[in-house]
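Overview (structure and organization)
These are the residues of each chain, in order.
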Amino acid sequence: MAEKPPVPAHALGEKREATIKTLIESFAADRLTVEEYESRLDLAHKAGDPASLEKLVRDLNAVVPASAAPAPVGGRRVPAPRPEEVRERQFFVAVMGGVDRRGAWIPARKSFLLALMGGASLDFREARLPPGVTEIDMFVMWGGVEIIVPPDLIVDCGGMAIMGGFEHEGGSPVDAGPDTPVLKIGGFALMGGVEIVVRLPGESARDAKRRLREARKRLARGSRDAQGS
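Heads up: these notes are all about the structure in this document. Since the structure is predicted, the reported quantities are computational estimates derived from the model, not experimental observations.

**Notes on the overall build of the chain**
Counting its regular elements, the chain contains 4 helices and 11 strands. The proportion of buried residues among the 229 residues of the chain is 35%. A separation threshold of at least 6 residues defines the contact pool for the chain, and within that pool the share at least 24 residues apart is 65%. Accessible area of the chain: about 13200 Å², with a carbon and sulfur share of 57%.

Following this line, the structure appears as structure tokens:
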């Protein structure tokens, strides 16, 4: 019996990327627990053939047919709001107090945030962003702002800081189209800080740190294996 020819590296890489994308989308849709997601993700990185990768998502593909899945907006699985649901302006004020927004909320086209000796947390992982640019302009003094975004959201971060900082953790997808939601963040921080962190839907800060730590370990192992081959 003749042996099967080896799968080209580029084809296996494309299959691996597609499998990982399916795992991320399934986790975001609550079809996988954190433990199941991390276990399958680890196996996806280790798989050496397309059959092993297909096995990891076979049950997930069967759960929700492509025709029944929500239509993505610019690559996102969160449904876009209707035009009449989107306000033009919105204000967040945290003066010696706090502001917290999370869940399936609809941000305005342009939001202004004031954090004076206070803190704010804006979670965009389930936020329903309209197509195009959504802006957040902020002034932070003796306070802090945390902005949580999912991996598939494009973030354009700028701003000025004096004795403070604007910190953007991780990169952003770059395949923006005319209907792709883009979150644009800017403003001024005086003795205060703005931090943009990337987390999966439903993921805690602790879970995100563990996921990133495991990803770095896998990357280091892959680099050592490549050097030894």
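This is not the end of the story, as more comes after the structure.
**Overview of the pattern of salt bridges**
Using the criterion set out here, one finds 11 salt bridges in the structure. Notably, a salt bridge pairs Arg 40 with Asp 59, separated by 3.0 Å at the nearest N-O pair. Of the two residues, Arg 40 is situated in helix H2 (residues 34-46) and Asp 59 in helix H3 (residues 50-63); the sequence distance between them amounts to 19 residues. Arg 40 sits in the buried class, given a relative accessible area of 18%. The closest approach of N and O atoms between Arg 128 and Glu 85, which form a salt bridge, is 3.3 Å. Note that Arg 128 is positioned in the loop between strand E4 (119-123) and strand E5 (132-141) and Glu 85 in the loop between H3 and strand E1 (89-95), a separation of 43 residues in sequence. Taking relative accessible area as the criterion, Glu 85 reaches 27% and is therefore assigned partly exposed. Through salt bridges with shared partners, one network takes in Arg 82, Glu 84, Glu 85 and Arg 128.

**Let's talk about the nonpolar core**
Among the nonpolar cores identified, the biggest contains 26 residues, and Phe 124, Met 138, Val 145, Ile 147 and Val 149 are the most heavily contacted of them. Elements that contribute at least two residues to this core include exactly E1, strand E3 (110-116), E4, E5, strand E6 (144-149), strand E10 (181-190) and strand E11 (193-198). Aside from chain neighbours lying at most four places away, what touches Met 138 is Leu 113, Val 145, Ile 147, Phe 166, Ile 185, Gly 186, Gly 187, Phe 188 and Val 194. Ile 20, Tyr 37, Leu 53 and Leu 60 belong to the second largest nonpolar core, which has 15 residues in total.

**Quick look at unusual backbone geometry**
Even without a glycine there, the phi angle at Met 96 is positive, about 55°. Examined against the element boundaries, Met 96 turns out to sit in the loop between E1 and strand E2 (98-101). A relative accessible area of 66% places Met 96 in the exposed class. With a phi close to 55°, Met 163 is a non-glycine residue in the positive phi region. The class for Met 163 is exposed, based on a relative accessible area of 67%.

Reading the values: rules and limits
- Residues numbered from 1 in each chain as written.
- Predicted model: local features only at pLDDT ≥ 70, side-chain atom pairs only at ≥ 80, totals over all residues.
- Heavy atoms only, no water.
- Helix = DSSP H or I, 4+ residues; strand = E, 2+ residues; numbered from the N terminus.
- Buried < 20%, exposed > 50% of the residue type's maximum accessible area, 1.4 Å probe, protein only.
- Contact = heavy atoms within 4.5 Å.
- Areas by Shrake-Rupley, 256 points an atom, 1.4 Å probe, with all protein chains shown as cover.
- Salt bridge = Lys/Arg side-chain N within 4 Å of Asp/Glu carboxyl O.
- Core = buried A, V, L, I, M, F, W, Y, C linked by side-chain atoms within 4.5 Å.

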